[in-house]
Amino acid sequence: MAFLTEGDRKYTTPEDIIAHVGDEYGKFMGAIVPPIFQNSLFVRYNGANDIPEGNPYAYTRVSNPTTDIAERKVAALEGGDGALCFSSGMGAISSAVMHFVRTGCHIVLVDTAYGPTMQLIRDYLCKKFAVEYTLVHGTDTQEIIDAVRPNTTLIYLESPSSVVFRMQDLDAVTAFAREKGIGTVIDNSYATPINQQPLKHGVDIVCHTASKYLGGHSDIVAGVIASRREIIESIQSTERALYGSNMDPHQSWLLIRGMRTLIVRLRQHAANAAKVAEYLENSKKVLKVFYPGSRTYAQNELYHKYMSGGNGLMSFVPSGTAEEVRAFTTRLHMFQNGVSWGGFESLCVTAGGIPEAEVPKNLIRLHVGLENVDTLIADLDQALAPLPDKE
Ligand SMILES: Cc1ncc(COP(=O)(O)O)c(C=O)c1O
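Just so it is clear, the model here is predicted, and its values are computed rather than measured.

S.K.: Any details on the site of the ligand? Residues and values, ideally.
M.R.: Around the ligand there are 15 residues in total, and Gly-89, Asp-187, Thr-209, Ser-211 and Lys-212 lie nearest to it. One of the side-chain nitrogen or oxygen atoms of Tyr-114 is found 3.4 Å away from an oxygen atom of the ligand. Sorting elements by how many residues they give to the shell around the ligand places helix H3 (residues 89-100) first, with three residues. Of the residues in the shell around the ligand, the class split is six nonpolar, six polar and three charged.

S.K.: Before we move on, could you go through the packing of aromatic side chains and cite the residues and values that matter?
M.R.: Evaluation of the coordinates by the stated rule reveals eight aromatic pairs. Their ring planes at 45 degrees and their centres at 6.5 Å tell us that Tyr-190 and Trp-341 sit as a pair that is tilted. Of this pair, Tyr-190 sits in the loop between strand S5 (183-187) and helix H7 (192-195) while Trp-341 is found in the loop between strand S10 (336-337) and strand S11 (347-350), placing the two residues 151 residues apart along the sequence. The pair formed by Tyr-190 and Trp-341 is uniform in burial state, with each residue classed as buried. With 5.7 Å between their ring centres and 65 degrees between their planes, Tyr-213 and Trp-341 make a pair best called edge-to-face. One end of the pair, Tyr-213, is in the loop between strand S6 (205-209) and strand S7 (223-227); the other, Trp-341, is in the loop between S10 and S11, and 128 residues separate them in sequence. One exposure class covers both Tyr-213 and Trp-341, and it is buried. An aromatic cluster is built from Phe-165, Tyr-190, Tyr-213 and Trp-341, whose rings are joined through pairwise contacts. Its end group placed over the ring of Phe-3, Arg-229 keeps NZ or CZ at 3.9 Å from the ring centre. Sitting over the ring of Phe-290, Lys-288 keeps its end group 5.0 Å from the ring centre.

S.K.: Hey, could you go over the side chain of Ser-283 for me, with residue numbers and the actual values?
M.R.: With respect to the helices, strands and loops of the structure, Ser-283 is situated in the loop between helix H10 (262-281) and strand S8 (286-290). On the basis of relative accessible area, Ser-283 is assigned to the buried category, the value being 8%. A distance of 3.0 Å separates the side chain of Ser-283 from the backbone nitrogen of Lys-285, its partner in a polar contact. If we ignore the near neighbours within four places in the chain, the residues touching Ser-283 are Leu-384 and Lys-390.

S.K.: Lay out the domain arrangement of the chain in plain terms, naming residues and giving numbers.
M.R.: The domains assigned to the chain are domain 1 (8-259) and domain 2 (262-384). The centre of domain 1, based on its C-alpha atoms, is set 27 Å off from the matching centre of domain 2. Tallying the contact residues gives 37 residues for domain 1 and 39 residues for domain 2. Across the domain 1 to domain 2 interface the summed buried area is about 3,200 Å²; carbon plus sulfur atoms make up 59%. When residues of domain 1 are sorted by the area they lose upon contact with domain 2, Tyr-190, Asn-195 and Tyr-213 head the list and together hold 24% of the total. Viewed at the interface, domain 2 and domain 1 are joined by two salt bridges. Where Lys-305 meets Asp-171, a salt bridge forms, and the shortest distance between an N and an O atom there is 3.5 Å. For the pair domain 1 and domain 2, the number of links is 24 residue pairs in polar contact (both at pLDDT 80 or more). Of all elements in the fold, only helix H1 (14-20), helix H6 (170-180), H7 and helix H9 (249-259) reach the threshold of two or more residues within the side of domain 1 that touches domain 2. Partitioned by chemical class, the residues of the side of domain 1 that touches domain 2 number 14 nonpolar, 16 polar and seven charged.

Parameters at a glance
Residues numbered from 1 in each chain as written. Predicted model: local features only at pLDDT ≥ 70, side-chain atom pairs only at ≥ 80, totals over all residues. Heavy atoms only, no water. Near = heavy atom within 4 Å. Polar contact = N/O pair within 3.5 Å; in protein donor to acceptor, adjacent residues only side chain to side chain. Helix = DSSP H or I, 4+ residues; strand = E, 2+ residues; numbered from the N terminus. Nonpolar A, V, L, I, M, F, W, Y, C, P; charged D, E, K, R; others polar. Phe/Tyr/Trp six-rings, centres within 6.5 Å; stacked < 30°, edge-to-face > 60°. Buried < 20%, exposed > 50% of the residue type's maximum accessible area, 1.4 Å probe, protein only. Lys NZ or Arg CZ within 6 Å of the ring centre and 35° of its normal. Contact = heavy atoms within 4.5 Å. Domains from an automatic or database assignment. Buried area = accessible area lost by both parts, 1.4 Å probe. Salt bridge = Lys/Arg side-chain N within 4 Å of Asp/Glu carboxyl O.

Here it is, written out as structure tokens:
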């Protein structure tokens, strides 16, 4: 099932978890790569067939053996009792949010959360179901505490967020939330469970888009949550089963395959990105760089408290007008223009201009991929060259 077994708990390092948790060779005739159970239905013991009595599988919308393997790996990496895979990151996030939504409730939401998450809470739930919300930067815990009302049922975090990488102090927020009986959900996609495990800091539900680093090859749209047993049981039997946002078994298989190399990929993304960040920080054509862990990152104290490594996603503000900045993006050869991140490839996208969240106007988000880093820096250099020097 979606829960860790005693056998799974033998594996304690992320490397060993990824390589072995859930891979029960005896169950699958010694296959080193698990099979794809591409079936909707699991028939039951009828007295005449040889199905074991008590077979936990009935229907793939609720559980599936291939998907279980992916779930057990994520659960072990995050330090949860279990995990659930979804057909997309938004499937995971909306189910986690709905777990805490009640009629007339209030949600505290960080203002740089992923756009469709903001839409879900601010536009969909609030306009259609009279749910209330308050936006916060989230960098100051007191701001979060002050935003809470008597009807607050959820504090929604994204730390680091995925455009300007704001972090929240998880220990402080969850200590307060627990005392008040308020649920906490975090989008942990930027960090991945390799670099941050929010359940260990008291967060109730961790969400991921597995379309990014967990999958890692830009070939699946997928999501996953990890949590303690009662929450996983509840979401498995209600939000996931009723909205029907379960992961397809083939998608689960690709996710398992992608995760096998998660740690080595992240290491290389982070090494490349650190060099790119340093180049940008020293460039006369760049006004500001946003990269957790880098020399100029504003929240390095929290970064070192919660994160154990970096990745390839960063933002920067080039000098020049909006026109000049747009022209810069068209001169890049190695960075393709695209909205996603976390795959093998380098990407660039204009992501600025959210005034209420104080996201600068001409912000460019880069995903530093696994290409040769000197080629990537040379590409940025030629594309930045025509921009005016900063004052
Ligand atoms: C930070 C973050 N969270 C959630 C999502 C949603 O994931 P998905 O596209 O898999 O639904 C994304 C997708 O871009 C994202 O960047």
